[in-house]
Amino acid sequence: MAKADASKLDWNNLGFEYMDLPYRYTAHWKDGAWQDGGLTENSTLPLNEAAVVLHYGQGAFEGMKAYRTPDNKIQLFRPDRNAARLKNSAERLLMPVFPEDKFVDAVKQVVKANADFVPPYGTGGTLYIRPLLIGSGATIGVHAAPEYTFTVFAMPVGSYFKGGMTPVNFTTSQYDRAAHKGTGQSKVGGNYAASLLPGENAHKDGFADCVYLDPVNHKKIEEVGSANFFGITKDNVFATPKSPSILPSITKYSLLWLAEHRLGLGTEEGDVYIDQLDRFKEAGACGTAAVISPIGGLEHNGNLHVFYSETEVGPVTKKLYDELTGIQFGTVEAPEGWVQVVE
Ligand code: PLP
Ligand code: COI
């Protein structure tokens, strides 16, 4: 694959596609310790055919972004939270933890080395960063790998769901992406493999993606395959599901805080029943890639429930979006410790 060329990119019309940038960071774990990591130009990973990640899915990843500010600085949004979540995912899959301070440092090195690829402020583009931790050592029994690889690569992206801040419709899925006490809270590849078929079925039926219901009774909303769910109730509460099988979204927890402290809304992390959608005047999907994608309608058992509108963004969703993205791009004051400038 050809290396990406920053001078040829159309910053205003970026999609969400892989690009092979000049630099990535790689480190290896062997004999009980992380070896010195560093930047490399090689975008391929050498893997033994019996690497545990290939057979038994021992791998976890993160998704985060670097943002260009109006004064041309580059900043990260809560990278310490991604480091902590990768630690949790690693522990769940019996992988060695990549030290959290070194994680943030590796991310900064990658962003700095590829700074030409951080889209200009005002284009809406960002640099999407993908840290990845895999069991790269070989074993054929079902055991943890004897060796691990940690890598961080990046690429400029635009919006994940078509249209960004324009409403999209979702449908509920008959499938589960994660078991009740399975790996839903961890950002591990298997959850995403499980979501490919339901996601494809939703696309074929004309929906942006599907919304999963709780794996025990299929009565409560869990999340989207690539984002968490939130709704704004008619009495102005930002409500979002609480479940052991959904990913603890950093965007969602940020929105919970902003809803309460900046917008003066009530907040609630609890049960969101699929047969009680009338509670909500607005709804959205939130995540690093998705940012906030307003949910126009949600189809369930053949009925489409429209929240605010299928074509227009609700006012509370818009306020949340402006507050969140203002902080991320450095135009709105960030709560203490939320942004880190890449020097
Ligand atoms: N849920 C799933 C399944 C995801 O893949 C993501 C993306 O990371 C999210 C939620 C949102 O999490 P975050 O806001 O930390 O990006
Ligand atoms: C993210 O928002 O970073 C994600 O990981 C979602 C998706 C691209 C898998």
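Residues numbered from 1 in each chain as written. Chains lettered and ligands numbered in written order. Predicted model: local features only at pLDDT ≥ 70, side-chain atom pairs only at ≥ 80, totals over all residues. Heavy atoms only, no water.

- An unreviewed UniProt entry lists the chain under the name Branched-chain-amino-acid aminotransferase.
- Within the UniProt record for the chain, the comment given under Cofactor (unreviewed entry) is "pyridoxal 5'-phosphate".
- Its UniProt record, at the heading Sequence similarities (unreviewed entry), says of the chain: "Belongs to the class-IV pyridoxal-phosphate-dependent aminotransferase family." (UniProt positions renumbered as here; feature names shortened; annotations may be inferred.)

## Some thoughts on empty space enclosed by the protein
Now for step 1: Per the stated rule, a full pass over the model turns up two cavities of 30 Å³ or more.
Now for step 2: What lines the largest cavity is Gly63, Met64, Lys65, Tyr67, Phe77, Asn82, Ile250, Thr251, Gly287, Thr288 and Gln328.
Now for step 3: Listed by contribution, the elements that provide at least two residues to the lining of the largest cavity are β5 (64–68) and α5 (250–261).
Now for step 4: In terms of residue count, the dominant contributor to the lining of the largest cavity is β5 (three residues).
Now for step 5: When grouped by side-chain class, the residues that make up the lining of the largest cavity number four nonpolar, six polar and one charged.
Now for step 6: Both of domain 1 (6–157) and domain 2 (168–326) provide at least three residues apiece to the lining of the largest cavity.
Now for step 7: Taken together, Pro167, Glu282, Ala283, Pro294, Ile295, Tyr308, Ser309, Glu312, Val313, Gly314 and Thr317 make up the lining of the second largest cavity. (1 Å grid on protein atoms, 1.4 Å probe; cavity = no way out; pocket = protein on both sides within 12 Å on 5 of 7 lines; lining within 4 Å. Points joined across faces, edges and corners; volume = space filled by probe spheres on them. Helix = DSSP H or I, 4+ residues; strand = E, 2+ residues; numbered from the N terminus. Nonpolar A, V, L, I, M, F, W, Y, C, P; charged D, E, K, R; others polar. Domains from an automatic or database assignment.)

## As for the UniProt feature "modified residue: N6-(pyridoxal phosphate)lysine" (unreviewed entry) in the chain
Now for step 1: Per the UniProt annotation, the sites labelled "modified residue: N6-(pyridoxal phosphate)lysine" (unreviewed entry) are Lys187.
Now for step 2: When you line up the elements, Lys187 lands in the loop between β9 (168–172) and α4 (189–204).
Now for step 3: The residues touching Lys187, leaving out its near neighbours within four places in the chain, are Ala60, Phe61, Glu62, Gly63, Arg85, Ser89, Tyr192 and Leu247. (Contact = heavy atoms within 4.5 Å.)

## Examining the packing of aromatic side chains
Now for step 1: Taken as a whole and assessed by the stated rule, the structure comprises 19 aromatic pairs.
Now for step 2: Ring centres of Tyr25 and Phe150 lie 6.2 Å apart, and the angle between their planes is 70 degrees; on these two criteria the pair is classed as edge-to-face. Linking Tyr25 in strand β1 (residues 24–30) with Phe150 in strand β8 (residues 148–157), this pair joins segments that are 125 residues apart in sequence.
Now for step 3: Residue Phe150 is classed as buried on the basis of its relative accessible area of 0%.
Now for step 4: Where Phe103 meets Phe150, the ring centres are 6.0 Å apart and the plane angle is 45 degrees; that geometry is what we call tilted. (Phe/Tyr/Trp six-rings, centres within 6.5 Å; stacked < 30°, edge-to-face > 60°. Buried < 20%, exposed > 50% of the residue type's maximum accessible area, 1.4 Å probe, protein only.)

## Considerations on α4
Because each turn of an α-helix spans 3.6 residues, side chains separated by three or four positions end up pointing in the same direction.
Now for step 1: Between its terminal C-alpha atoms α4 stretches 23 Å, which fits the 22 Å expected from 16 residues at 1.5 Å a residue.
Now for step 2: Within α4, the axis deviates most sharply at Leu196, by approximately 35 degrees, and proline Pro198 lies no more than four positions further along.
Now for step 3: Buried residues along α4 sit against β4 (59–61), β9 and β10 (209–213).
Now for step 4: Two residues or fewer after α4 comes Gly206, characterised by a positive phi angle close to 90 degrees. (Expected span 1.5 Å × (residues − 1). Bend = angle between axes of the 7 residues up to and from the residue.)

## Side note on the site of ligand 1
Now for step 1: Taken together, the neighbourhood of ligand 1 is formed by 17 residues, with Tyr192, Glu223, Ser249, Thr251 and Thr288 sitting nearest.
Now for step 2: Here Ile250 contributes a backbone N or O atom positioned 2.8 Å from an oxygen atom of ligand 1.
Now for step 3: In this structure, an oxygen atom belonging to ligand 1 sits 2.5 Å away from a side-chain N or O atom of Thr251.
Now for step 4: Here ligand 1 loses 97% of its free accessible area of 380 Å² to cover by the protein chains.
Now for step 5: Where the shell around ligand 1 is concerned, the elements lending two or more residues are β11 (221–224), β12 (227–233), α5 and β15 (280–287).
Now for step 6: Across the shell around ligand 1, the residue classes tally to six nonpolar, seven polar and four charged. (Near = heavy atom within 4 Å. Polar contact = N/O pair within 3.5 Å; in protein donor to acceptor, adjacent residues only side chain to side chain. Areas by Shrake-Rupley, 256 points an atom, 1.4 Å probe, with all protein chains shown as cover.)

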